[in-house]
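An overview of the molecular structure
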Amino acid sequence: MAGESGRPHTPVMLQEVLEWLGIKPDGIYVDATLGAGGHSQAIAERISSGRLISLDRDAQALQIARERLKTFGSKVNYVLSPFSRIAEAVHELGIPRVDGVLADLGVSSMQLDQPERGFSFREAGPLDMRMGVSAESDELTADEIVNRWPETELANLLYREADEHDSRRIARAVVRARPIRDTAHLATIVAGSRKQWGRQRLHPATKTFLALRIAVNREMEELGQFLSRVPATMNPQGRCVILTYHSREDRIVKEAFREADRQGTLKILTKHVVRPSEQEERANPRSRSAKLRCAERV
């Protein structure tokens, strides 16, 4: 499915995801991060008498994916919910346990393709970055952090959430340039304040935008809650497959899997992290930083 910019939304590591999930035609599966629906579509195609529960905190994503997957009818249930509420989402549908769970973390390409959502530093958009857009006025936005937080707090956030080594220099530049008008303005300020180390593969504002997005959406708290609830939602031999895109996320997943392995609730199946093929990395740049981990319910 093409996005606003006309680029197709290619689900990351699709073959590997399907392989590690080990889909059974009569199984019940949860796609905890529906996004544009690429992974959900492939799972739905492989179940006959089974069911798929697709979650997303973004109402717009649910609407678009529902349209894309309408041929599957009642085989797919759509739930507007953050993935941290996976247990509630499953139980509210009257399902005791499921046979597999997929979570593709991070921002969807669909959200990146819409400047008005404020995730992209390539075009000017409002400093928003909320994944679930609701009418609540007290919700934290990137604007609040960028234009109101004290310099030290901003620097600490950039370093803690995105491992940004120029965090102090960036925070100082941002505070001096206030008020920051939009995403393009912020990207320019960040790029101008950073040291250039050799050839840059990433845009200089990548880590700043990542840290802001993580903070606005409480991504690490959400991920922690999700991981603690997953084992109890799965049948024995049920599999959990998680795609991560940066080191902090991956570390949290790795440690949660190890802890569950020690406690005897999960068995880690991916002794080493699974990476996309060179072919996929060339065809879909978004997959370059992807890492896949899989564990099975004991």
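Here, the structure is the one placed above.
Attention here is on the structure that accompanies the text. (Residues numbered from 1 in each chain as written. Predicted model: local features only at pLDDT ≥ 70, side-chain atom pairs only at ≥ 80, totals over all residues. Heavy atoms only, no water.)

1. Description of the state of the cysteines
For the record, the criterion: Cysteine sulfur atoms that come within 2.5 Å of each other are treated as a disulfide pair. Burial here depends on accessible area, computed with a 1.4 Å probe over protein chains only, as a share of the maximum for the residue type. Under 20% is buried, over 50% is exposed, and the range in between is partly exposed.
Enumeration over the complete set of coordinates arrives at zero disulfides. There is no disulfide at C240, and the cysteine sulfur nearest it, in C294, is 7.3 Å away. By relative accessible area, C294 is classed as buried at 0%.

2. Comments concerning the nonpolar core
Short version of the rule: We call a set of buried Ala, Val, Leu, Ile, Met, Phe, Trp, Tyr and Cys residues a nonpolar core when their side-chain atoms join them within 4.5 Å. In DSSP terms, a helix is any run of H or I states spanning at least four residues, a strand is any run of E spanning at least two, and both are numbered starting from the N terminus.
Membership of the largest hydrophobic core comes to 32 residues, with the highest contact counts inside it found for I145, V146, V174, I180, L186, F209 and L212. Contributions of two or more residues to this core are made by α6 (142-148), α7 (151-162), α8 (167-177), α9 (183-193) and α10 (206-216). V12, I23, A44 and F72 belong to the second-largest nonpolar core, a separate cluster that totals 28 residues.

3. Here's the deal with the pattern of salt bridges
So the rule is basically this: By definition here, a salt bridge exists when the distance from a side-chain nitrogen of Lys or Arg to a carboxyl oxygen of Asp or Glu is within 4 Å.
In the structure shown here, the tally under the stated rule is 20 salt bridges. The shortest N-O distance in the salt bridge between E92 and R85 comes to 3.3 Å.

4. Things to note about the packing of aromatic side chains
This is how it is decided: Whether two aromatic rings pair depends on their centres lying within 6.5 Å, for rings of Phe, Tyr and Trp, where Trp uses its six-membered ring; planes under 30 degrees apart make the pair stacked, over 60 edge-to-face, and the rest tilted. In our convention, an over-ring charge means Lys NZ or Arg CZ found within 6 Å of a ring centre and within 35 degrees of that ring's normal.
Inspection of every chain in the model, using the stated rule, returns one aromatic pair. Taking 4.5 Å as the distance between ring centres and 10° as the angle between the ring planes, the aromatic pair formed by F83 and F226 counts as stacked. Taken together, the residues span a long stretch of sequence, with F83 in the loop between β3 (76-80) and α4 (86-92) and F226 in helix α11 (residues 219-233) at a distance of 143 residues. Taken as a pair, F83 and F226 share a single burial class, namely buried. One cation-aromatic arrangement involves R286 over Y245; the distance from NZ or CZ to the ring centre is 4.9 Å.

5. Description of helix α12 (residues 247-263)
Quick note on the threshold: One fewer than the residue count of a helix, multiplied by 1.5 Å, yields its expected span. Comment: arc refers to directions from the helix axis out to C-beta atoms. The contact definition used throughout considers only heavy atoms, calling two residues in contact when any of these lie within 4.5 Å.
Here α12 is 17 residues long and its end C-alpha atoms lie 24 Å apart, about the 24 Å a rise of 1.5 Å per residue gives. Residues of α12 that are buried: E249, D250, V253, F257 and A260. The buried residues of α12 occupy an angular sector of 100° when projected down its axis, which confines them to one face. Opposite the buried face of α12, at more than 90 degrees from it, the exposed residues are R262 and Q263. Buried residues along α12 sit against α10, α11, β5 (234-244), β6 (266-268) and β7 (291-297). Immediately beyond the C-terminal end of α12, within one or two residues, lies G264, with a positive phi of roughly 80°.

6. So, the sheet that holds β6
Quick reminder of the rule: Strands pair, by our definition, only if DSSP identifies at least two bridges between them. Angles shown run from 0 to 180 degrees and are taken between the N-to-C directions of axes, each axis being a line fitted to C-alpha atoms and, for helices, limited to the stretch in contact.
The strand order across the open sheet formed by seven strands is β3-β2-β1-β4-β5-β7-β6, and the pairing between neighbours is mixed. The two strands at the open ends of the sheet, each matched to only one other strand, are β3 and β6. Neighbouring strand axes in the sheet, compared pairwise and without regard to direction, differ in orientation by 20° on average. Looking at chain direction, β6 and β7 are connected through three bridges and run antiparallel. Along β7, the bridge assignment pairs K267 with E296.

7. A few points about the pairing of β7
Summarising burial for β7: six of the seven residues are buried, a large majority. Examined bridge by bridge, β5 and β7 share six bridges and lie antiparallel to one another. When the bridges of β7 are listed, I242 appears paired with R293.

8. Topic: empty space enclosed by the protein
Spelled out, the test is: Buried and open spaces are told apart on a 1 Å grid over the protein atoms alone, a cavity being a set of points where a 1.4 Å probe fits but cannot get out and a pocket being an open set with protein on both sides within 12 Å along at least five of seven lines. Residues with an atom within 4 Å of a point are the lining residues. Grid points are joined across faces, edges and corners, and a volume is the space filled by probe spheres set on the points. Under this grouping Gly is polar, as are all residues other than the nonpolar Ala, Val, Leu, Ile, Met, Phe, Trp, Tyr, Cys and Pro and the charged Asp, Glu, Lys and Arg.
A complete count under the given rule lists two cavities of 30 Å³ or more for this structure. Approximately 40 Å³ is the volume attributed to the second largest cavity. Every residue along the wall of the second largest cavity is listed here: V146, L154, L158, I170, V174, L186, T208 and L212. The set of elements that each furnish at least two residues to the lining of the second largest cavity consists of α7, α8 and α10. A breakdown of the residues in the lining of the second largest cavity according to their chemical character gives seven nonpolar, one polar and no charged.

9. Observations regarding the packing of α8 against α9
We apply this condition: An angle counts as roughly parallel when it lies under 35 degrees, as roughly antiparallel when it exceeds 145, as roughly perpendicular when it falls between 65 and 115, and as oblique in every other case. We call a crossing left-handed when the near helix sits turned anticlockwise from the far one by less than a right angle, and right-handed when that turn is clockwise.
Direction vectors running N to C along α8 and α9 enclose 135°, while the axes themselves pass 9 Å from each other. Considering the angle they form, α8 stands oblique to α9. As for how α8 packs across α9, the hand of that crossing is right-handed. In this structure, α8 uses R169, I170, A173, V174 and A177 to contact α9, whose residues at the interface are H185, L186, I189, V190 and S193. Looking at the contact of α8 with α9, its residues break down into seven nonpolar, two polar and one charged.

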